[in-house]
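# A structural walkthrough
Below, each chain spelled out in residue letters.
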Amino acid sequence: MSKLKINIILFGIGNIGSTLINQIIESQEFFLESKNVDFHFPIITNSTVAFFEKEGVGYAWETNFLQLAVPFKVEDIIEFAKENEFENLIAVDATASDELVKHYNTLIENGFNIVAVNKKANTLPIDLYKELRVNLKKHDKEFLYETSVDTGIPVLQTLRDLYYSGEKITKIRGVFSDNLSYVFNRFSAEEVTFSSVLKDASLLGLMKSTFKEDLSGNDTARKLLILAREIGKDFELSDIKIRPFITEQHLEKNGVLNKDAVDKAFKIAKITQSENHVLRYVGEFDVEKGSLEVKLISEPTHSAIGQLKGSDTIFEIFTKSYANVPIVIQSASPCKQAISRGIITDILKIAERIRNKEAVWL
């Protein structure tokens with residue numbers, strides 16, 4: 001088996017992107033020995049500048065990036081790849097950028113496979129979502145995005161395997177936000193005010209970048225939409241009934257949280273539950289009814305969702321074969337190291353498919 005060289009073009013060198021570079025560099029020998037795959041990063045970028053290195057970046061990549069990165073457009077990346085005749089290209093989108101998603105089709109048309117943490121491409125209007133997949137098929141390219149819904153544990157892969165085996169999936173539900181998992185797990189388990197838990201979550205940095213998306217329910221809704229589309233359902237984001245748990249009645253006129261109002265509302269919600277129940281904020285797709293909801297529920301403490309701890313997330317998949325017993329996939333709080341390993345898993349899957357395609361041509 002000959003060595004397979006994979007050229008990774010990395011968009012985004014924040015926490016996740018930088019961890020990805022370091023993990024692959026540190027494990028390079030392992031990948032060569034175990035998979036006979038040789039990974040290179042000939043281009044790495046942040047939102048405004050890119051570092052171009054034909055032979056691939058090394059341990060000094062951070063210093064080199066600071067000193068040598070230049071402003072770029074996606075067209076510059078494509079041109080550089082063509083000039084240097086790079087093969088086996090994988091563009092990794094480790095951003096949350098709306099703008100980069102607009103270039104996915106151009107990248108695909110110019111020989112790039114795509115691995116994405118970014119949710120945006122899979123929550124586009126359905127016609128654009130389908131156009132992307134038509135383009136992938138036309139150019140024989142791959143697009144994997146397991147880490148867009150969780151750390152990289154095989155939620156989407158499990159769902160696909162069930163769907164394409166002919167299994168009838170009847171319901172998908174779960175707690176998809178680690179931030180909100182922390183909030184409601186703590187509020188349910190401790191004698192604390194709801195506003196104090198929100199403050200602690202903010203101080204811990206849990207809600208730093210996605211505070212509004214989480215509180216509005218939009219992040220959970222996006223993940224729910226991705227899950228629904230994976231089993232062939234042509235829903236739009238607007239089809240999801242989102243019931244945010246922070247509403248106008250919990251806010252001052254200037255939009256600031258009214259602590260007294262929110263604490264009173266959630267204290268009532270907590271003490272008026274049935275015995276041995278806890279509050280959880282879930283996404284739910286009832287396949288048979290065709291309804292998608294993001295909502296606050298009261299859940300029995302003995303259930304898988306009711307037993308969540310810390311910032312754990314959970315996905316429940318109900319099927320005809322298993323009836324009322326769901327397939328449960330639970331994950332600990334996502335960290336940059338785990339998400340990066342999830343990206344590597346997707347990269348390795350594409351590398352294997354590239355090798356298989358090469359074998360057919362030989």
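Residues numbered from 1 in each chain as written. Predicted model: local features only at pLDDT ≥ 70, side-chain atom pairs only at ≥ 80, totals over all residues. Heavy atoms only, no water.

Operational definition: UniProt positions are given in the numbering used here, feature names are shortened, and annotations may be inferred rather than shown by experiment.
By the naming in an unreviewed UniProt entry, the protein chain goes by homoserine dehydrogenase and is assigned to Flavobacterium chungbukense. For the record of the protein chain, the UniProt heading Catalytic activity (unreviewed entry) holds the text "L-homoserine + NADP(+) = L-aspartate 4-semialdehyde + NADPH + H(+)".

## A look at the environment of Lys267
Under the convention used in this document: Numbering of helices and strands runs from the N terminus; a helix is a DSSP stretch of H or I covering at least four residues, while a strand is a stretch of E covering at least two.
Take Lys267: it is sitting in helix 13 (residues 259–271). Residues Lys267 and Thr193 lie 74 residues apart in sequence; the distance between their C-alpha atoms is 7.5 Å.

## As for the nonpolar core
Test applied: Only buried residues count toward a nonpolar core. Its members are Ala, Val, Leu, Ile, Met, Phe, Trp, Tyr and Cys residues joined through side-chain atoms within 4.5 Å. Only protein chains enter the accessibility calculation, which uses a 1.4 Å probe; a residue whose area is less than 20% of its type maximum is buried, one above 50% is exposed, and one in between is partly exposed. The contact rule is simple, with two residues in contact once any of their heavy atoms fall within 4.5 Å.
With 66 residues, the main nonpolar core has Tyr104, Phe112, Phe143, Phe194, Phe245, Phe266 and Phe285 as its most contacted residues. Per element, the largest residue contribution to this core is 6 residues, and it comes from helix 12 (residues 218–230). With residues up to four places along the chain from it excluded, the contact list for Phe245 reads Leu180, Phe184, Phe194, Asp214, Leu215, His250, Phe266 and Tyr281. Judged by nonpolar contacts, the second largest core, of 33 residues, contains Phe31, Phe39, Val49 and Val117.

## Considering the sheet that holds strand 10 (residues 277–286)
This is how it is decided: In this description, strands pair whenever DSSP reports at least two bridges between them. Helix axes are fitted to C-alpha atoms over the stretch in contact, other axes to C-alpha atoms as well, and angles between N-to-C directions run from 0 to 180 degrees.
Taken in spatial order, the 6 strands of this open sheet run 9-11-10-8-12-13, and their pairing is mixed. The sheet is open, and its two borders are formed by strand 9 (241–242) and strand 13 (327–331), each paired with just one other strand. Taken together, the 2 bridges between strand 9 and strand 11 (residues 291–300) define a ladder with parallel strand orientation. Residue pairing for strand 11: Lys241 is matched across the bridge by Glu293. Across the sheet, helix 8 (residues 155–164) touches strand 8 (169–175), strand 12 (313–319) and strand 13, and the angle it forms with strand 12 is around 5 degrees.

## Re the pattern of salt bridges
Inclusion rule: When a carboxyl oxygen of Asp or Glu is within 4 Å of a side-chain nitrogen of Lys or Arg, the pair counts as a salt bridge.
Overall, the coordinates contain 19 salt bridges when judged by the stated rule. Of the charged contacts, one joins Glu230 and Arg160 as a salt bridge, the two residues approaching to 2.8 Å between their closest N and O atoms. A residue pair is termed long-range when its members are at least 10 positions apart, and Glu230 in helix 12 and Arg160 in helix 8 qualify at 70 residues. In this structure, Glu230 and Arg160 share a single accessibility class: buried. What emerges from the salt-bridge pattern is a single network uniting Asp140, Glu142, Arg353 and Lys357.

## Here's the deal with helix 1 (residues 15–26)
To keep it simple, the criterion reads: One less than the residue count of a helix, multiplied by 1.5 Å, gives the span that helix is expected to have.
Here helix 1 is 12 residues long and its end C-alpha atoms lie 16 Å apart, about the 16 Å a rise of 1.5 Å per residue gives. Ile16, Gly17, Ser18, Thr19, Leu20, Ile21, Gln23, Ile24 and Ile25 are the residues of helix 1 that are buried.

## So, the packing of aromatic side chains
Test applied: Each aromatic pair joins two rings of Phe, Tyr and Trp (for Trp, the six-membered one) with centres within 6.5 Å, and gets the label stacked for planes under 30 degrees apart, edge-to-face for over 60, and tilted for any other angle.
The final tally for this structure, using the stated rule, is 19 aromatic pairs. Their ring planes at 55 degrees and their centres at 6.2 Å tell us that Phe184 and Phe266 sit as a pair that is tilted. Note that Phe184 is positioned in helix 9 (residues 178–189) and Phe266 in helix 13, a separation of 82 residues in sequence. For the pair Phe184 and Phe266, a shared accessibility class is recorded, and that class is buried.

## Some remarks on the pairing of strand 6 (residues 112–116)
To be explicit about the condition: A crossover gets the label right-handed when its path from the first strand over the helix to the second runs clockwise, viewed with the strands pointing away from the viewer.
Taking burial as the measure, the 5 residues of strand 6 include 5 buried ones, the bulk of the element. Burial along strand 6 is two-sided: Phe112, Ile114 and Ala116 facing one way and Asn113 and Val115 facing the other are all buried. Here strand 5 (residues 89–93) pairs with strand 6 via 5 bridges, running parallel. Looking at the pairing, Asp93 lines up with Ala116 of strand 6. Strand direction decides the pairing type here: strand 6 and strand 7 (residues 143–144), joined by 2 bridges, are parallel. Across the sheet, the residue bridging to Ile114 is Phe143, located in strand 7. Following the chain from strand 6 across helix 7 (residues 126–139) to the adjacent parallel strand 7, one finds a crossover that is right-handed.

## Some thoughts on the side chain of Arg173
Cut-off, in case you're wondering: Polar contact criterion, stated in full: a pair of N or O atoms within 3.5 Å, where within protein one must be able to donate a hydrogen and the other to accept it, and residues adjacent in sequence count only if both atoms are side-chain atoms.
Residue position: Arg173 is located in strand 8. By relative accessible area, Arg173 is classed as buried at 13%. Side chain to side chain, Arg173 and Glu299 meet in a polar contact 2.7 Å long. Excluding anything up to four places from it in sequence, Arg173 contacts Gly283, Glu284, Ile297, Glu299, Ile305, Ile314, Phe315, Glu316 and Phe318.

## Quick word on the pairing of strand 12
Two faces make up the sheet, and in a regular strand the side chains alternate between them. Burial of strand 12 is extensive: 7 of the 7 residues sit out of reach of the surface. Here strand 12 shows a buried face lined by Thr313, Phe315, Ile317 and Thr319 and a second buried face lined by Ile314, Glu316 and Phe318. Inspection of the sheet shows strand 8 paired to strand 12 by 6 bridges, in the antiparallel sense. For Ile172, the partnering residue across the bridge sits in strand 12 and is Ile317.

## Concerning unusual backbone geometry
You will see that Asn88, though not glycine, has its phi angle at about 50 degrees, which is positive. When you line up the elements, Asn88 lands in the loop between helix 4 (74–83) and strand 5. At Asn276, a position not held by glycine, the phi torsion is positive, near 60 degrees. Structurally, the position occupied by Asn276 is in the loop between helix 13 and strand 10.

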